[in-house]
Amino acid sequence: MALSTTAFAEGQPAVDALAFPMTAPAIDAASWVLMDATTGQILTSGNPDERRNPASLTKLMTGYVVDRAIDKKRITRDDIVTVGQDAWGAGNPVFKGSSLMFLKPGEKVSVRDLSRGVIIDSGNDACVALADYVAGSQANFVTMMNQYVDKLGLSNTHFETVHGLDAPGQFTTARDLATLSRAIISGEPDFYQMYSEKSLTWNGITQQNRNGLLWDKTLHVDGLKTGHTESAGFNIIASSVDGQRRLIAVVMGGKSTKGREEQARKLLTWGQTNFDTIQLFHAGKEIGHENVWYGNPHSVSLGSEKDVFLALPRDAVQKVKAKYVIDRKDLEAPIKLHEQVGTIQLVEGDKTLASYPLVALKPVEEAGLITRISDYIKQKL
């Protein structure tokens, strides 16, 4: 079965791409991950599950919760929020020296502009204003953040703040942040577009997006976020599009602003150069057919119930083949629609790399009495 490249779409993690021998770049940071966004596969990593201080990468979850509230029609992007005293940078000692949108108490700002303030300016004040509006308080909003941690399966993440300033008990990992970033990218396109905006002017103050890779014309980076505190070091998550492929690089505990960008650039460049994302199977497309005893009709089309994608090293694409194996000696009617009858195996030589369900693409009803008797005789011969 020939394998070919395909357009970006949602997929499922399948097999570790580094089952193939490859030399990944050396990364100067505490932990890192390079993820293929289509499949969720980790292409290379270092200490991916080490719990670390997220710093302003926390704001990814803040934005995600706001976007989900919009999806559920609890709020809209055009809602007007009245900024409270607790979101006033000058009046809150916790915010001293930190990144702000420079909101003023009593100011009326749309959810859209506050979201831009969170994403572009990394505004801690904007995080508080949104949290108060969406959940009634910062504490309630943090509860919502951790509920989404569970829903997304982020097994090494817990939030204590809406903005990411240092707090005991707050932690995440490079792997979890890549998973969260993938969820954000697959959300509302107009919300994700904010992550590519390079500057924001508010109350007469213009600030540049801290993600310097947005200005790199070779990588086509369109998000996501940076973060820094003394204890966290220099963090960055960058996502790049190369034709029809998307990669997500997470670097935590970098040595400097430029250093974190250089490490993310190395990861993205290596991934773009060495991998392809291919579509193995199309949902509902026949890859074979088999005889069905006692059935009407007497055969059934077989294939995958879902689109299946896989990221592979470019020099391995032509070496990988697919075959299917029926899990019973004979197929007999009745067979239900999408009933699993075997497995589709992805192989390289004599090595099985991954397996996927092989299902019936159409139901097969039991045949009439005469056909069943005839089939019974043929089976016994």
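Predicted model, so just to flag it, every value in this text is computed and none were measured.

What counts as what
- Residues numbered from 1 in each chain as written.
- Predicted model: local features only at pLDDT ≥ 70, side-chain atom pairs only at ≥ 80, totals over all residues.
- Heavy atoms only, no water.
- Helix = DSSP H or I, 4+ residues; strand = E, 2+ residues; numbered from the N terminus.
- Polar contact = N/O pair within 3.5 Å; in protein donor to acceptor, adjacent residues only side chain to side chain.
- Patch = residues over 30% accessible without salt bridge, like charges linked within 9 Å, V, L, I, M, F, W, Y side chains within 5 Å.
- Areas by Shrake-Rupley, 256 points an atom, 1.4 Å probe, with all protein chains shown as cover.
- Salt bridge = Lys/Arg side-chain N within 4 Å of Asp/Glu carboxyl O.
- Core = buried A, V, L, I, M, F, W, Y, C linked by side-chain atoms within 4.5 Å.
- Buried < 20%, exposed > 50% of the residue type's maximum accessible area, 1.4 Å probe, protein only.
- Contact = heavy atoms within 4.5 Å.
- UniProt positions renumbered as here; feature names shortened; annotations may be inferred.
- Pairing = 2+ DSSP bridges.

With that out of the way, let us pick up the environment of S196. As for its placement among the helices and strands, S196 is situated in the loop between α6 (189-192) and β6 (199-202). For the pair S196 and W215, spaced 19 residues apart in sequence, the C-alpha separation works out to 9.8 Å. From its side chain, S196 meets the backbone oxygen of Q193 in a polar contact 2.7 Å long.

Turning our eyes to something else, we now look at a nonpolar patch on the surface. A contiguous nonpolar surface patch, about 580 Å² in accessible area, is contributed by L369, I373, Y376, I377 and L381. Relative to the assigned elements, L381 resides in the segment after α8 (369-380).

What follows covers the nonpolar core. Counting 62 residues, the largest nonpolar core has M61, L103, L114, F141 and V250 as its most contacted members. Residue contributions to this core peak at eight residues, all from helix α3 (residues 124-135). Residues contacting F141, with those up to four places away along its chain left out, are T62, V65, V66, A131, V134, A135 and V162. Counting 24 residues, the second-largest nonpolar core is a separate cluster that includes L280, I335, L358 and A360.

Here we come to the UniProt feature "domain: Peptidase S11 D-Ala-D-Ala carboxypeptidase A C-terminal" (unreviewed entry) in the protein chain. Per the UniProt record, "domain: Peptidase S11 D-Ala-D-Ala carboxypeptidase A C-terminal" (unreviewed entry) is found at residues 275-366. The span residues 275-366 shows a helical share of 0% and a strand share of 59%, and its end C-alpha atoms are spaced 47 Å apart.

Quick look at the pairing of strand β18 (residues 351-360) now. Of the strand pairs in this sheet, strand β14 (residues 299-303) and β18 are connected by two bridges, and their pairing is antiparallel. When the sheet's bridge partners are listed, L302 is paired in β18 with A360. Of the pairings in the sheet, the one linking strand β17 (residues 340-348) to β18 comprises eight bridges and is antiparallel in character. By the bridge assignment, I344 is partnered in β18 with Y356. Linking β17 back to β18 in an antiparallel pair, the connection comprises two residues, with G349 at a positive phi of about 65 degrees.

Residue P297 follows N296 across a cis peptide bond; omega there is 10 degrees. Turning to its location among the elements, P297 is positioned in the loop between β13 (295-296) and β14. Looking along the chain, the bond that leaves A333 and enters P334 is cis, with omega of 5 degrees. Note that P334 resides in the loop between β16 (320-326) and β17. At N47, a residue that is not glycine, the phi angle is positive and equals roughly 50 degrees. Relative to the helices and strands, N47 is located in the loop between β3 (42-46) and α1 (58-71). Residue class for N47 comes out partly exposed when judged on its relative accessible area of 44%. Even without being a glycine, Y294 presents a positive backbone phi close to 65 degrees.

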